[in-house]
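Architecture and fold: a report
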Amino acid sequence: MLLQNTTPQPTDDDNTSKNSSQSTTNDNSTENPLLSSPTSVPSQSAAVLKCQFLSWYKTFRSSPKMTPKSIIIPFPPRFKDYLLSDGVRLPSCCDDTNNNDDDDSFSSCTSFDNNRNNNNYQPEDDDDDDTSTAIDYSFPQFTEAINEGISSLGGSVFPKCNWSSPRDAAWINMGTLKCTSAKEVYLLFKSSDFVVHDLEHALESQDEQHRQGDNDNSFEFCLVLRKWCHLHRSMEFRCFVKNHQLIAISQRDHTQYYPHLSSSLPRIRDLIHFEFHENIKSRFVLSCYVVDLYIDTRGKVWVLDFNVWGEQTDSLLFSWDELNSGGEVMEGVDDGLVVRLVQGEKEVRGDPLASYRAPIDVVSLASHGGGLEGEGFEEFVRMCQRP
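A few points on the structure.

Definitions and limits used
- For every chain, the first residue of its written sequence is number 1, and the numbers climb from 1 along that sequence.
- With the structure being a predicted model, the display of local features is reserved for residues of pLDDT at least 70 and the display and counting of side-chain atom pairs for 80 or more, all residues being used for whole-chain, interface and lining totals.
- Based on all heavy atoms of the structure, the side-chain values leave hydrogens and waters out of the count.
- The criterion is simple. A nonpolar core is a set of buried Ala, Val, Leu, Ile, Met, Phe, Trp, Tyr and Cys residues joined through side-chain atoms within 4.5 Å.
- Three exposure classes are used, based on accessible area relative to the maximum for each residue type with a 1.4 Å probe and protein chains only: buried under 20%, partly exposed in between, and exposed over 50%.
- Residue contacts are counted whenever heavy atoms from the two residues lie within 4.5 Å of one another.
- Take a side-chain nitrogen of Lys or Arg and a carboxyl oxygen of Asp or Glu: if they are within 4 Å of each other, that pair is a salt bridge.
- Put simply, DSSP H or I for four residues or longer makes a helix, DSSP E for two residues or longer makes a strand, and each gets a number counted from the N terminus.
- Criterion used throughout: strands pair if DSSP finds at least two bridges between them.
- A fitted line through C-alpha atoms serves as each axis, taken over the contacting stretch for helices, and the angle formed by two N-to-C directions is quoted from 0 to 180°.
- Orientation is classified from the angle alone, with under 35 degrees giving roughly parallel, over 145 giving roughly antiparallel, 65 to 115 giving roughly perpendicular, and any other angle giving oblique.
- Note on residue classes: Ala, Val, Leu, Ile, Met, Phe, Trp, Tyr, Cys and Pro are nonpolar, Asp, Glu, Lys and Arg are charged, and everything else, Gly too, is polar.
- Put simply, two rings from Phe, Tyr or Trp (the six-membered ring, in Trp's case) pair if the centres are within 6.5 Å, and we call them stacked under 30 degrees between planes, edge-to-face over 60, tilted for the rest.
- The rule for a charge over a ring is simple: NZ of Lys or CZ of Arg within 6 Å of the ring centre, and within 35 degrees of the ring normal.
- Any pair of nitrogen or oxygen atoms within 3.5 Å is treated as a polar contact; in protein, a donor-acceptor pairing is required on top of that, and neighbouring residues in sequence qualify only through side-chain atoms on both sides.
- Cysteine sulfurs are considered disulfide-paired once they come within 2.5 Å of each other.

1. Thoughts on the nonpolar core
In this structure, I146, Y186 and F306 are the most contacted members of the largest nonpolar core, which totals 74 residues. Beyond its immediate chain neighbours, meaning those up to four positions away, Y186 contacts F79, Y82, L90, P91, C94, F139, F142, T143 and I146. Counting residues in hydrophobic clusters, the runner-up holds 10 residues, among them W309, W320, L323 and V338.

Right under this line is the structure:
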């Protein structure tokens, strides 16, 4: 476990007394935050910006360190245009790096797409007026920065954008988000609808101030490289914070039943409750938000991500009606904190990423052609090249 050997357990500091004071004040309040409406709600765009990685990483990387080491690299000019352009094609600057015909990469499809620039390639419809060649994108300095960042983080990373990771595109990278080269980062980002959503729709509900461009300097798209860590999915938890109070905890991976979680529930609850009041509550600026946490085998709690409070964030084993209004199911808890786990195979939920799988043609070719590098896939590429 890479996480378990890098950071010592948090020690008492000035934040402890501050948090303790806040906890006392809130505990003495007569208003149950579980049943009350969210207060001091910022504009939607302000909340979204506060939850982007750049806004909170330095805070939770400082003492006590609560999040894995990461590197933030701003997008170069035209990189957003490249990601939004049609096709899955690597930048031309990747042609001379890590070029290995035996490598488990997307080389076959890349070479097919690059054939569009060759004189031998003919478009399917000769009457199409738009026969111009594809734009050549190249980011040599960005590629070098990515490869250097990967090397400095131990040789493998987890990539993400300001908010989302390309989880929906893992199928194209052998089913994993683990990247060891810039090529793999490009491939995942270029194939991800989640990343496209970040680029085009993350701030679409922004307020009038942002629409007028008054805060253009406060935001930029970035590539985030997080140190790769072998996390046990059973120990990831989504926590819901309402009016500065932790009101609900959900098993993050609700597509599996983990029998050991039930017996560990009291310890899990206590660890998260303590860490929230000591080291999260006073360090994050919003009053209502969702935070994803991980507990390692030593009992250390790590911050993985922050999300906005609302239906755009998956409520997992809860419903947003419950979280917003309290509801009968949420009542009757002594301290207002409800923890939900998948208690059996019958309670397993559907995988939200089930619709983001390898195209059926690729699955068929892999099963009949000896894998993506087999004869079936090569025949598919040759078929696509035919006029």
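2. A look at the pattern of salt bridges
Inspection of the entire model under this criterion finds five salt bridges. For R252, the salt bridge goes to D292, with nearest N and O atoms at 3.7 Å. Here D292 lies in strand β6 (residues 289–295) and R252 lies in the loop between β5 (245–251) and α10 (260–280), a separation of 40 residues in the sequence. The residue E322 makes a salt bridge to R340 at a minimum N-O spacing of 2.9 Å. Taken together, the residues span a long stretch of sequence, with E322 in helix α11 (residues 320–325) and R340 in strand β8 (residues 338–340) at a distance of 18 residues. Its relative accessible area of 13% is what places E322 among the buried residues. Relative accessible area serves as the criterion here: at 19%, R340 is assigned to the buried category. Overlapping salt bridges, with partners in common, bring together R238, R252 and D292 in one network.

3. Topic: the sheet that holds strand β3 (residues 222–227)
As summarised here, the arrangement of the three strands in space is β1-β3-β2, forming an open sheet in which the pairing is antiparallel. Each having just a single partner strand, β1 (70–74) and β2 (157–160) make up the two edges of the open sheet. Strand-to-strand twist in this sheet, taken as the mean axis angle between neighbours without regard to direction, amounts to 20 degrees. Two strands pair when backbone bridges link them, and β1 and β3 are joined in this way by five bridges, in the antiparallel orientation. When the bridges of β3 are listed, I73 appears paired with L223. Where helix α6 (residues 140–152) meets the sheet, it contacts β1, β2 and β3, and its direction lies at approximately 175 degrees from that of β1.

4. A word on the packing of α6 against helix α7 (residues 182–190)
Interhelical geometry of α6 versus α7 gives an angle of 110 degrees and a closest axis separation of 9 Å. Between α6 and α7, the interaxial angle falls into the category roughly perpendicular. Across from F142, T143, I146, N147 and I150 in α6, the residues of α7 making contact are A182, V185 and Y186. In terms of residue class, the contact of α6 with α7 is made up of six nonpolar, two polar and no charged.

5. Some details on the sheet that holds strand β7 (residues 301–308)
For sheets, the rule is that strands pair by backbone hydrogen bonds, running either parallel or antiparallel. The five strands are arranged β7-β6-β4-β5-β8 in an open sheet whose pairing can be described as mixed. Since the sheet does not close on itself, it has two edges, and those belong to β7 and β8, each with one partner. Going across the sheet, the axis of each strand differs from the next one's by a mean of 25 degrees, ignoring polarity. Bridge count between β6 and β7: seven bridges; the pairing is antiparallel.

6. What about the packing of helix α2 (residues 44–51) against helix α3 (residues 53–61)?
Packing of α2 against α3 leaves a shortest axis separation of 5 Å and a crossing angle of 45 degrees. As summarised for this structure, α2 and α3 are arranged oblique, according to the angle between their axes. Judged by residue contacts, L49, K50 and C51 of α2 engage F53, S55 and W56 from α3.

7. Quick word on the packing of aromatic side chains
Considering all chains together, one arrives at 22 aromatic pairs under this definition. These aromatic residues form a ring-pair network of at least three members: F75, F79, Y82, Y137, F139, F142, Y186 and F221. K190 extends its terminal NZ or CZ atom over the ring of Y82, reaching a point 5.4 Å from the ring centre. In this structure, K300 is placed above the aromatic ring of W302, and the distance from its NZ or CZ to the ring centre is 4.8 Å.

8. Re the side chain of D305
Within the secondary structure, D305 is located in strand β7. Judged by relative accessible area, D305 falls into the buried class, the value being 12%. At a separation of 3.3 Å, a polar atom in the side chain of D305 contacts the side chain of K160. Beyond its immediate stretch of four places on either side in the chain, D305 contacts C51, W56, K160, W163, V290, V291 and D292.

9. Re the environment of H244
Mapped onto the secondary structure, H244 falls in the loop between β4 (236–242) and β5. A residue is classified by how much of its surface remains accessible, and H244, at 35% relative accessible area, is partly exposed. Distance in space between the C-alpha atoms of H244 and C288 is 6.4 Å, their sequence separation being 44 residues. The residues touching H244, leaving out its near neighbours within four places in the chain, are F276, K281, L286 and S287.

10. A short note on the state of the cysteines
Taken as a whole, this structure holds zero disulfides when the rule is applied. Free of any disulfide, C161 has its nearest neighbouring cysteine sulfur in C222, separated by 8.0 Å.

Geometry only, nothing functional implied.
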